[in-house]
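Chain by chain, the residues:
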Amino acid sequence: MEFPFDVRRILRPDSSGISVVYSREARAPSRELSMIIDNMGSASARAQRLGSIITTSVRFFSLSDNKLYFKVQDNKVLGFLKTGTKNLFYTDEHGRMKEITPLCLLDFYVHEDVQRSGFGKELYEAMLAYERTSPNKIAIDRPSPKLISFMRKHYTLSSYIPQNNNYVIYREYFTVWNI
Ligand code: COA
């Protein structure tokens, strides 16, 4: 996605084109940064055919522990993902409830022109390295069919018990420490 300003100046990506933005970092975020977040958030909601937008600059900067990861190439933002920690109730196969506090994938979008080109994997890997975690430890908020396929393909994660809260927590969250 293109913007009418220098996105590199705003996002300051590293040499791989990855930029990390903390919600608590910018008390007075620039108009440009808010525009990037709002436009990418809207595009993600459209792509997922959601009734409402999950990622807006106003919500992002009012939540204390969320992070946004962007992939930047030339002067374009190719995609983003958002993480945050949540307190969740998880029901296992015996109906027993547990309380867990996983890092969650809250939103994830790669621009339509460049989907299936490996940028999603690049963003996800950058996030895992930055958070020092592994794919089995991430809970996913309402994954789309494309994301279900993405997790199966790249991380061989596919088995989970559907939860009332619509988060997907793979079985390996409990059975394997690190994969
Ligand atoms: N149909 C089915 N699977 C798809 C897909 C599609 N249209 N697009 C991506 N995938 C999955 C497949 O497993 C694919 O592997 P394949 O091409 O060999 O079948 C794999 O993702 C490709 O990996 P990669 O190129 O790294 O992913 P990406 O850059 O396309 O990013 C998404 C993955 C899900 C972020 C991206 O497709 C997207 O933004 N989709 C629309 C929004 C969305 O669904 N977001 C998830 C929110 S929960």
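Note that the coordinates shown come from a computational prediction; the quantities given were computed from them, not determined experimentally.

Asks: It is not clear to me how the site of the ligand should be interpreted in this structure. Could you clarify?
Replies: In the neighbourhood of the ligand, 21 residues make up the surrounding shell, with Arg116, Gly118, Ser144, Ser149 and Lys153 lying closest. Between the ligand and Gly118, the relevant distance is 2.7 Å, taken from an oxygen atom to a main-chain nitrogen or oxygen of the residue. Between the ligand and Lys121 there is a distance of 2.8 Å, counted from an oxygen atom to a backbone nitrogen or oxygen. Taking 900 Å² as the accessible area of the ligand by itself, protein coverage stands at 84%. Of all elements in the fold, only strand E6 (103–110), helix H4 (119–131) and helix H5 (145–155) reach the threshold of two or more residues within the shell around the ligand. The greatest single-element share of the shell around the ligand, amounting to six residues, is contributed by H5.

Asks: Looking at this structure, how should I read unusual backbone geometry?
Replies: The phi angle of most residues is negative, glycine excepted, and most peptide bonds adopt the trans form. Phi angles above zero are rare outside glycine, and Arg116 is one such case at about 60 degrees. On the secondary structure map, Arg116 appears in the loop between E6 and H4. A positive phi angle, near 45 degrees, is found at Thr156, a position not held by glycine. One can find Thr156 in the loop between H5 and strand E8 (167–168).

Asks: Explain the packing of aromatic side chains to me, please; I cannot follow it from the model alone.
Replies: Here the distance between the centres and the angle between the planes together describe a pair of aromatic rings. Tallied over the entire structure, the rule returns 13 aromatic pairs. Residues Phe3 and Phe5 carry aromatic rings whose centres are separated by 5.6 Å and whose planes lie at 35 degrees to one another, so their mutual orientation is tilted. Owing to a relative accessible area of 8%, Phe3 belongs among the buried residues under this scheme. Residues Phe108 and Tyr124 carry aromatic rings whose centres are separated by 5.9 Å and whose planes lie at 40 degrees to one another, so their mutual orientation is tilted. Remark: Tyr124 occurs in helix H4 and Phe108 occurs in strand E6; sequence separation between them is 16 residues. For the pair formed by Phe108 and Tyr124, the shared burial category is buried. Every member of this aromatic cluster is reached through a ring pair, and the members are Phe108, Tyr124, Phe150 and Tyr155. Its end group placed over the ring of Phe174, Lys98 keeps NZ or CZ at 4.5 Å from the ring centre.

Asks: Please explain the nonpolar core as it appears in this structure.
Replies: Within soluble globular proteins, side chains that are nonpolar generally end up buried alongside one another. Core analysis: the biggest nonpolar cluster contains 24 residues, and Leu81, Leu105, Phe108, Tyr124, Met127, Ile140 and Met151 have the highest contact counts within it. Of all elements in the fold, only strand E3 (76–85), E6, H4, strand E7 (138–141) and H5 reach the threshold of two or more residues within this core. In contact with Leu81, not counting residues within four places along its chain, are Lys67, Leu68, Tyr69, Leu105, Asp107, Phe108, Leu123, Tyr124 and Met127. By size, the runner-up hydrophobic cluster in this structure holds 20 residues, among which are Ile36, Met40, Leu68 and Tyr109.

Cut-off values and rules
- Residues numbered from 1 in each chain as written.
- Predicted model: local features only at pLDDT ≥ 70, side-chain atom pairs only at ≥ 80, totals over all residues.
- Heavy atoms only, no water.
- Near = heavy atom within 4 Å.
- Polar contact = N/O pair within 3.5 Å; in protein donor to acceptor, adjacent residues only side chain to side chain.
- Areas by Shrake-Rupley, 256 points an atom, 1.4 Å probe, with all protein chains shown as cover.
- Helix = DSSP H or I, 4+ residues; strand = E, 2+ residues; numbered from the N terminus.
- Phe/Tyr/Trp six-rings, centres within 6.5 Å; stacked < 30°, edge-to-face > 60°.
- Buried < 20%, exposed > 50% of the residue type's maximum accessible area, 1.4 Å probe, protein only.
- Lys NZ or Arg CZ within 6 Å of the ring centre and 35° of its normal.
- Core = buried A, V, L, I, M, F, W, Y, C linked by side-chain atoms within 4.5 Å.
- Contact = heavy atoms within 4.5 Å.

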